[in-house]
Amino acid sequence: MKTIYDVIVIGGGVIGSTIAWHLAKTKRKVLLLERGRLGQEASSAAAGMLGAELEMNEPGPFFQLCLESRSMYPTFAQELLEVTGIDIELTQNGILRLAQTEATASSLQKTVAWQKAHGGSATFLPAEYIKELEPTIGNTYGGIWIANDGNVNAALVARAVGKAASLTADVLEGTEVYDITLTNDDVTVHTALQHYRAKQIVLANGAFANRFLSALHMQPTLTSVKGQLLRILPHGSYQLTRTISSAHHYFVPKRDGSIIVGATEEYNSFSHTNTVSGLAQLLGAVQDVFPDFGEATFLSSWTGLRPLLPTRKPLIGAIATNPRALVAIGHFRNGILLSPVTATIITSFIEQQEQPTHHLAFQP
Ligand SMILES: Cc1cc2nc3c(=O)[nH]c(=O)nc-3n(C[C@H](O)[C@H](O)[C@H](O)COP(=O)(O)OP(=O)(O)OC[C@H]3O[C@@H](n4cnc5c(N)ncnc54)[C@H](O)[C@@H]3O)c2cc1C
């Protein structure tokens, strides 16, 4: 054993890479260990929505956390561009959530009411306004317009934070962690070829975190929720101008004119296979929302594994029994959105700074 690191981060998705980069900026000696290639799992698969309001069902610390992280994105994108030269394609073009039944319309009106009262930007639009905004959309009962949500290119975010981490920290790809030994004095991380010692570790290995939770005195309650996605190119010169979301699906326009369609939710699956029924579900959603898209070109399909905890919210912070171990896990459907704020929280835990109350709600 040679170097003793200040912090070892396990897992090089958007969460682990952003944390490693932020910690290295505090002049700590940081090692990031990734079993394959940086960003190879959920992070590069994601649709890239910054759905801070779209995905929320109730007020509280999680809603606050999502709004906070969304507000960090312009600076995050600019800094990544300056440090890595990679443009993550931040597009602040809003999200339109459709009501395809009367019942959904009335529940969305309630959503608008509580979100407005808690700092949200959503407003309810009647059906004729929706038709005016996006003429290709089929019949609706109205919907909500979330002006401040947006999207990024998730694969580019994963690449950019991975590059930023590589420029500032020691990064080892192709290095799988097999075990962690935690004592009151330090932490040892075991890989096939080497053991690495550090003062602290951060577990950030997405849907695969269960393997180490017992070693950190935590219940291994994380599950994987597989999502299938596909990409289409509308025919002619048609361009979708904003993200559209229906009850179970979304359509996210990208800068090249293509649209990402997602996503299935398949609980307890670690498979990376696209299936006939999964793709049929997504294509059915396209035809349902955009009846004229029959001639759109099918470009590609892929899958990703979302990390889900029983609370459906992430755990971010030091574990109660030993402050040498921190976790940043369970970001489920919002890990791209939440990567800047997650790295900020972990960094301030390690720097022993005071946390705002709503951050403490996510402490393990
Ligand atoms: C279909 C789909 C659509 C999504 N859409 C959105 C969206 O629109 N907006 C949004 O905000 N979020 C979205 N998400 C969620 C988002 O992708 C995840 O929450 C986020 O990527 C989780 O990041 P992570 O770094 O925790 O996990 P991952 O990206 O999975 O990274 C974990 C890393 O740890 C590595 N690893 C695992 N075990 C070990 C080990 N033993 N040793 C070393 N390394 C290890 C893995 O190889 C992997 O690279 C979506 C996810 C999916 C699947």
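Note that residues are indexed from 1 along each chain, following the sequence as it is written. Reporting in this predicted model follows two pLDDT cut-offs: at least 70 for local features of residues, and 80 or more for side-chain atom pairs to be given and counted; totals over whole chains, interfaces and linings ignore these cut-offs and use all residues. Heavy atoms from the whole structure form the basis of all side-chain values; hydrogens and water molecules are not counted.

Some thoughts on the overall build of the protein
Let me state the cut-off plainly: Numbered from the N terminus, helices here are DSSP runs of H or I no shorter than four residues, and strands are runs of E no shorter than two. What the globule rule says is 2.2 Å times the number of residues to the power 0.38, and the radius of gyration is computed from C-alpha atoms. Each residue is placed in one exposure class: buried if its accessible area under a 1.4 Å probe, protein chains only, is under 20% of its type's maximum, exposed if it is over 50%, and partly exposed if it falls in between.
Secondary structure summary: the protein contains 10 helices and 19 strands in total. Against the 2.2 N^0.38 benchmark of 21 Å for 364 residues, the protein shows a C-alpha radius of gyration of 21 Å, consistent with a compact globule. Taken along its principal axes, the extent of the C-alpha atoms in the protein is 65 × 40 × 40 Å. Taken over 364 residues, the protein has a buried fraction of 55%.

As for the packing of helix 1 (residues 14–24) against helix 6 (residues 154–168)
Relative orientation and spacing of two packed helices are given, respectively, by the angle between their axes and the distance between those axes. As a reminder, the rule being used: The axes are straight lines fitted to the C-alpha atoms, using for helices just the contacting stretch, and the angles between their N-to-C directions are given from 0 to 180°. Two helices that cross are described as forming a left-handed crossing if the nearer one is turned anticlockwise from the farther one by less than a right angle, and a right-handed crossing if clockwise. Any two residues whose heavy atoms approach within 4.5 Å are treated as being in contact. Three classes are used: nonpolar for Ala, Val, Leu, Ile, Met, Phe, Trp, Tyr, Cys and Pro, charged for Asp, Glu, Lys and Arg, and polar for all others, with Gly counted as polar.
Look at helix 1 against helix 6: their axes get within 8 Å of each other, and the N-to-C directions meet at 35°. Read as a crossing pair, helix 1 and helix 6 show a hand that is left-handed. Residues Val14, Ser17, Thr18, Ala20, Trp21 and Ala24 of helix 1 touch helix 6, and the partners they reach there are Val157, Ala158, Val161, Gly162, Ala164, Ala165 and Thr168. Of the residues assigned to the contact of helix 1 with helix 6, the class counts are nine nonpolar, four polar and no charged.

Focus on the site of the ligand
Note the cut-off: Note on definitions. A residue lies near a molecule or strand when any single heavy atom of the residue is within 4 Å of it. Whenever two N or O atoms come within 3.5 Å, that pair is a polar contact, provided that in protein one can donate a hydrogen and the other can accept it, and provided that, for residues adjacent in sequence, both atoms are side-chain atoms. The accessible surface values rely on the Shrake-Rupley method and a 1.4 Å probe; as for residues, cover is taken only from the protein chains in view. Where a domain begins and ends is set by an automatic assignment or by a domain database.
The ligand sits among 39 residues. The nearest are Glu34, Ser43, Met49, Arg333 and Leu337. Contact between the ligand and serine 43: an oxygen atom at 2.5 Å from a side-chain N or O atom of the residue. At a separation of 2.9 Å, an oxygen atom of the ligand approaches a polar backbone atom of phenylalanine 332. In isolation the ligand exposes 1000 Å². Once the protein is present, 99% of that is buried. Among the elements of the structure, helix 1, helix 2 (42–45), helix 7 (210–213), strand 12 (223–233), strand 17 (297–308) and helix 9 (335–350) are those that each provide at least two residues to the shell around the ligand. Here the shell around the ligand is composed, by residue class, of 18 nonpolar, 14 polar and seven charged. Built from parts of two domains, the shell around the ligand gets at least three residues from each of domain 1 (4–83 + 154–221 + 310–360) and domain 2 (93–148 + 223–308).

Focus: the domain arrangement of the protein
To keep things clear, this is the line we draw: For any pair of parts, buried area is found by adding up, for both, the accessible area (1.4 Å probe) each one loses once the two are put together. Salt bridge, as used here, is a side-chain nitrogen of Lys or Arg placed within 4 Å of a carboxyl oxygen of Asp or Glu.
Taken domain by domain, the protein comprises domain 1 (4–83 + 154–221 + 310–360) and domain 2 (93–148 + 223–308). For domain 1 versus domain 2, the separation of C-alpha centres amounts to 28 Å. With 26 residues of domain 1 in contact, the opposing surface of domain 2 contributes 33 residues. Here domain 1 meets domain 2 over a buried area of about 2400 Å², counting both sides, of which 63% is carbon and sulfur. Summed over the three residues of domain 1 that lose the most area to domain 2, namely Glu53, Leu54 and Phe332, the buried surface amounts to 24% of that side. One can count one salt bridge joining domain 1 with domain 2. Taking the shortest distance from any N to any O, the salt bridge between arginine 333 and glutamate 265 comes out at 2.6 Å. Here domain 1 is connected to domain 2 by 10 residue pairs in polar contact (both at pLDDT 80 or more). For the side of domain 1 that touches domain 2, the secondary-structure elements that each account for two or more residues are helix 2 and helix 3 (61–84). In terms of residues, the side of domain 1 that touches domain 2 owes the most to one element, helix 3, which gives three residues.

As for the packing of aromatic side chains
Ring pairs (aromatic) are described by centroid distance and by the angle formed between their planes. Heads up, the rule is: By convention, a stacked pair of Phe, Tyr or Trp rings (six-membered ring in the case of Trp) has centres within 6.5 Å and planes under 30 degrees apart, an edge-to-face pair has planes over 60 apart, and any other such pair is tilted.
Within the structure shown, the criterion is met by eight aromatic pairs. Judged by centre distance (4.9 Å) and plane angle (75°), the rings of phenylalanine 63 and tryptophan 114 are edge-to-face. On the criterion of sequence distance, the pair formed by phenylalanine 63 in helix 3 and tryptophan 114 in helix 4 (residues 102–117) is long-range, its members being 51 residues apart. The burial state of phenylalanine 63 is the same as that of tryptophan 114; both residues are buried.

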